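# Inside the fold
Single-letter residue listing:
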Protein chains: 4
Amino acid sequence: MRFFERFARGELRLGRMEAFSDGVFAIVVTLLVLELKVPALKDHASVGELAHQLLELLPKFLSWLISFIIVCKFWLNHHHILGLARHADYTMVWLNSIFLMCQSFIPFPTAMMGEYASNPLAVSAFGVVMAVNTLLFIALHAYILQRLIKPELLDAQAPHIIRKSFVGVISYAIGAAAAWFSVHAAFVIYLLTPLFFIVPPAKRSSSRPGAAADVPEAARR
Amino acid sequence: MRFFERFARGELRLGRMEAFSDGVFAIVVTLLVLELKVPALKDHASVGELAHQLLELLPKFLSWLISFIIVCKFWLNHHHILGLARHADYTMVWLNSIFLMCQSFIPFPTAMMGEYASNPLAVSAFGVVMAVNTLLFIALHAYILQRLIKPELLDAQAPHIIRKSFVGVISYAIGAAAAWFSVHAAFVIYLLTPLFFIVPPAKRSSSRPGAAADVPEAARR
Amino acid sequence: MRFFERFARGELRLGRMEAFSDGVFAIVVTLLVLELKVPALKDHASVGELAHQLLELLPKFLSWLISFIIVCKFWLNHHHILGLARHADYTMVWLNSIFLMCQSFIPFPTAMMGEYASNPLAVSAFGVVMAVNTLLFIALHAYILQRLIKPELLDAQAPHIIRKSFVGVISYAIGAAAAWFSVHAAFVIYLLTPLFFIVPPAKRSSSRPGAAADVPEAARR
Amino acid sequence: MRFFERFARGELRLGRMEAFSDGVFAIVVTLLVLELKVPALKDHASVGELAHQLLELLPKFLSWLISFIIVCKFWLNHHHILGLARHADYTMVWLNSIFLMCQSFIPFPTAMMGEYASNPLAVSAFGVVMAVNTLLFIALHAYILQRLIKPELLDAQAPHIIRKSFVGVISYAIGAAAAWFSVHAAFVIYLLTPLFFIVPPAKRSSSRPGAAADVPEAARR
């Protein structure tokens, strides 16, 4: 048996993989708020000083907001693509683990961008991490479509879905490049990218009407 | 197909949405305690100094207590309204995500109120965040009632349930306003609001007796 | 309908309650390690200095160990008593929430005892918190036995189970009192208490042999 | 009834044990990133200073990466061995709890190794903790195989599986010893050990063909 073929074996239960993934998503999303530290005031009762300090936190609030929406989008899409698989194998488990590793890394670039919003490297790194996350998601998605898809869903998969995901990669990469010219432009691009994907796709003009065509659209990005 | 109609499509499994939500609730509730930092003592073995420092933490303990009860109430009500839906669609997923985003934000105003309990802005912000959370919960609830409710529960929904939720919004808003005159009054209002909702509703005088009428009362706030 | 009777209504799904509780237990247990801070060294490469600093952390390691075992014991018993209930009602949900609130509080006294292991107040507070947790657990257990027990388990419940739980309350209280004379004695009592409960009970001399009698013994403390 | 036999009684539901374990794994894996602190810059907008500081964090990134892969491997194997058991008993619950305790401890040696990558004691401690974790995993695995295995899987268990796990123990121990001569060698060994186990085993030349032999291979390390 050839080396890489070993990874395509095994039938793992999807249930615990979903539970583990949901746990990681939920924790990542909630840990993000820990970066929002209560500011230190000289005069504890001063409204003006607190208001001023909270305004200074604005880049952190914005970073938190962007990351939260992005991770929710990843969770929703992850939910969708795991629903396509009939079971898991070794390769899928490890693709999923590496993807989750990079998801769990998100609080770091988020905190760094929030802390140093005027630093091109900090803002650019955020985009790079998100592009890498999207690439890993595409790898997981493509593997499921090629090797593990439920037979009844085979026909319903539009071939352009994955190509659409690359728009996300390119968009984050553009944001990462834009950061070197204008950090504000990068923030705008980072915010617009997930919003763009939140919009469900228009129903494609399908010659096959009915339920079979609807199921895979359920959670497509 | 019109733009906003796209969001009403799709049939997402409720199971993973509940798992993700439960994860966020559980983490929010548990992270709250991280704001309770062990005080720094000059004399490590001094009982008096530790007792004094713990008394100083009283506003933090109180903030933690209030937030814990509020988030538990939200969890209980969330549990209830997701039980009404026959499935999830895009709009529901995003209403839920935005609601969870504001839930996961709660540790920040909680910590700020605990740290600066004498600062009207800090105490008022807590009420505003809770009012916004309740509004987002109402939006999710209303959407499920209008579009996704299980057919068998249609008759059993009392129309005044959502109107009652607005009492919570108003109560938190009153607390947020009261904070500018008396932070103590605000604390009392914040504590009483969830306690008010903890009391299950009196059985409404229903003309339809029996099990069908009981189900939706299961977890009504 | 009388006021308190309202709380006994409703049939909540146990599934989400278990998911929420498991989440809180898992997070509490894992957050405990966050109190084990890596010591600050003057000479980063010095083995002697690091070894010395790690020895200084010994009370923190011990506090972490004791709390971990205690929370695991609570989780195991919680698992057991929720398995006795046929469904949940309002009272049970709120008894459970208050219990979980005090569980999620455990990292604070654990950190305080680890930090100030020579301070009687810090060591005593740990015992008080654990005694309160055990009391809240007894309340939840007693409520389920009285109002929500599955009919088929009614006969199999030994009446002395709850009385045995009070041994835990008394033991933690003794530890809390002992802390004022000897913190070392308190540590020993805190460590022995959960170990005592880890030992499953001897099979009681039952006149009814067989499976029915075995089920409730499943996770009795 | 003899003392230790008591622990072999009881039939606990595996579902909540898996939920609790998955929660702990997911939190451990996600907490690891909290050790990656955003560096403090004198000049917030300086790209050079940030780049320099991020390079200084390299040992922390590496520690995080190694720990993430190791915990994922433990999760995958844990998933596998719990799938072998027909139910849980007291001994299994406590073996599992002690294993999870040492899993939840992993963020501490990971942070210490990341902080003091040039300190032999810090690097060596990491290997010792991983060796202990593997030993505890072996104990859990062996207990399930001996006492709780599903009857239909009895024939399919290859006797050499557990012996293979000891390779992990020895490899981590070698890394822990190597740290005293070269911390770089230790890092390499720590990284290679889980990668070695990630490769699924070659299909053994089995005289029994077919599905029964495939099932246990599902998630074997």
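Residues numbered from 1 in each chain as written. Chains lettered and ligands numbered in written order. Predicted model: local features only at pLDDT ≥ 70, side-chain atom pairs only at ≥ 80, totals over all residues. Heavy atoms only, no water.

### Looking at the overall build of chain A
On a plain count of helices and strands, chain A comes out with nine helices and zero strands. Along its sequence from the N terminus, chain A presents helices and strands in the succession α-α-α-α-α-α-α-α-α. Buried positions account for 62% of the 221 residues belonging to chain A. Accessible surface for chain A amounts to roughly 8600 Å². Of this, 67% is attributable to carbon and sulfur atoms. (Helix = DSSP H or I, 4+ residues; strand = E, 2+ residues; numbered from the N terminus. Buried < 20%, exposed > 50% of the residue type's maximum accessible area, 1.4 Å probe, protein only. Areas by Shrake-Rupley, 256 points an atom, 1.4 Å probe, with all protein chains shown as cover.)

### Observations regarding the nonpolar core
If you look at soluble globular proteins, the nonpolar side chains tend to sit buried side by side. Counting 291 residues, the largest nonpolar core has M92 of chain A, M92 of chain B, M92 of chain C together with M92 of chain D as its most contacted members. In this structure, M92 of chain D is in contact with L14, M17, L82, A85, H87, L140, Y143, I144 and L148 of chain D, ignoring residues within four places of it in sequence. (Core = buried A, V, L, I, M, F, W, Y, C linked by side-chain atoms within 4.5 Å. Contact = heavy atoms within 4.5 Å.)

### Some thoughts on a positive patch on the surface
Together, K37 of chain A, K37 of chain B, K37 of chain C together with K37 of chain D give the surface a local cluster of positive charge. Within the element layout of this structure, K37 of chain C appears in the loop between α1 (14–31) and α2 (47–56). We classify K37 of chain C as exposed; its relative accessible area is 52%. (Patch = residues over 30% accessible without salt bridge, like charges linked within 9 Å, V, L, I, M, F, W, Y side chains within 5 Å. Salt bridge = Lys/Arg side-chain N within 4 Å of Asp/Glu carboxyl O. Lys, Arg positive; Asp, Glu negative; His and termini not counted. Charge placed at Lys NZ, Arg CZ, Asp CG, Glu CD.)

### Let's talk about helix α1 (residues 14–31) of chain A
Here α1 of chain A is 18 residues long and its end C-alpha atoms lie 25 Å apart, about the 26 Å a rise of 1.5 Å per residue gives. Among the 18 residues in α1 of chain A, 16 count as buried, and that is most of the element. (Expected span 1.5 Å × (residues − 1).)

### Focus: the layout of surface pockets
The probe, sized like a water molecule, is rolled over the atoms to show the empty space still left. Within this model, the second largest pocket holds a volume of roughly 640 Å³. Residue lining of the second largest pocket: 30 residues in total, with A19 of chain A, A19 of chain B, A19 and D22 of chain C together with A19 of chain D positioned closest to the centre. Of all elements in the fold, only α1 of chain A, α1 (14–31) of chain B, α1 of chain C together with α1 (14–31) of chain D reach the threshold of two or more residues within the lining of the second largest pocket. For the lining of the second largest pocket, a count of residues per class yields twelve nonpolar, eight polar and ten charged. (1 Å grid on protein atoms, 1.4 Å probe; cavity = no way out; pocket = protein on both sides within 12 Å on 5 of 7 lines; lining within 4 Å. Points joined across faces, edges and corners; volume = space filled by probe spheres on them. Nonpolar A, V, L, I, M, F, W, Y, C, P; charged D, E, K, R; others polar.)

### A word on the packing of aromatic side chains
Taken as a whole and judged by the stated rule, the model has 44 aromatic pairs over all chains. Look at F61 of chain A and F108 of chain B: their rings are 5.5 Å apart centre to centre, the planes differ by 85°, and that puts the pair in the edge-to-face class. Taken as a pair, F61 of chain A in helix α3 (residues 58–82) and F108 of chain B in helix α5 (residues 107–115) lie in two separate chains rather than in one. Judged on exposure class, the residue F61 of chain A and its partner F108 of chain B are both buried. (Phe/Tyr/Trp six-rings, centres within 6.5 Å; stacked < 30°, edge-to-face > 60°.)

### Points about the confidence of the model for chain A
Residues and elements named next belong to chain A. When the pLDDT values of chain A are averaged, the result is 83; 81% of them are 70 or greater. Predicted confidence in chain A is weakest over helix α9 (residues 211–214), with a mean pLDDT of 35, and strongest over helix α5 (residues 107–115), with 94. The model gives residues 203–221 a pLDDT under 50, and that stretch makes 44 contacts with residues more than four places away or in other chains. In the model output, the complex is listed with pTM 0.86 alongside ipTM 0.82. (pLDDT = per-residue confidence, 0-100.)

### Quick notes on the pattern of salt bridges
Residue and element names in this part refer to chain A. One pass over the full model with this rule turns up four salt bridges over all chains. E115 is the partner of K60 in a salt bridge, and the nearest nitrogen-oxygen pair spans 2.9 Å. Taken together, the residues K60 in helix α3 and E115 in helix α5 connect sequence positions 55 residues apart.

### Here's the deal with the packing of α1 of chain A against helix α4 (residues 90–105) of chain A
All names here are of chain A. For the pair α1 and α4, the least separation of the axes is 10 Å and the interaxial angle reads 10°. The angle between α1 and α4 places the two elements in the roughly parallel class. Taking contact as the criterion, the partners of L14, M17, F20, S21, V24, F25 and V28 in α1 are, on α4, M92, V93, N96, F99, L100, Q103 and S104. Looking at the contact of α1 with α4 residue by residue, the class counts come to ten nonpolar, four polar and no charged. (Axes fitted to C-alpha atoms, helices over the stretch in contact; angles between N-to-C directions. Parallel < 35°, antiparallel > 145°, perpendicular 65-115°, else oblique.)

### Some words on a nonpolar patch on the surface
All names here are of chain A. On the surface, L135, F166, I170 and I174 cluster together into a nonpolar patch covering about 360 Å² of accessible area. Ranked by residues supplied to the nonpolar patch, first place goes to helix α7 (residues 160–178) with three residues. Along the chain, the position of L135 falls in helix α6 (residues 120–148). Residue L135 is classed as partly exposed on the basis of its relative accessible area of 41%.

### Thoughts on helix α6 (residues 120–148) of chain C
Residue and element names in this part refer to chain C. Between its terminal C-alpha atoms α6 stretches 41 Å, which fits the 42 Å expected from 29 residues at 1.5 Å a residue. For α6, the buried fraction is high: 21 of the 29 residues fall into the buried class. With a side-chain oxygen lying 3.0 Å from the backbone nitrogen of L121, the N-terminal cap of α6 falls on N119. (Polar contact = N/O pair within 3.5 Å; in protein donor to acceptor, adjacent residues only side chain to side chain.)

### Brief notes about the side chain of D89 of chain A
Residues and elements named next belong to chain A. Along the chain, D89 turns up in the loop between α3 and α4. Although D89 lies buried, it forms no salt bridge, and the closest oppositely charged side chain, R147, sits 5.7 Å away as judged by the N-O distance. Among the polar contacts listed, one links the side chain of D89 to the backbone nitrogen of M92, at a separation of 2.9 Å. Among the polar contacts made by the side chain of D89, one reaches the side chain of Y143 at a distance of 2.5 Å.

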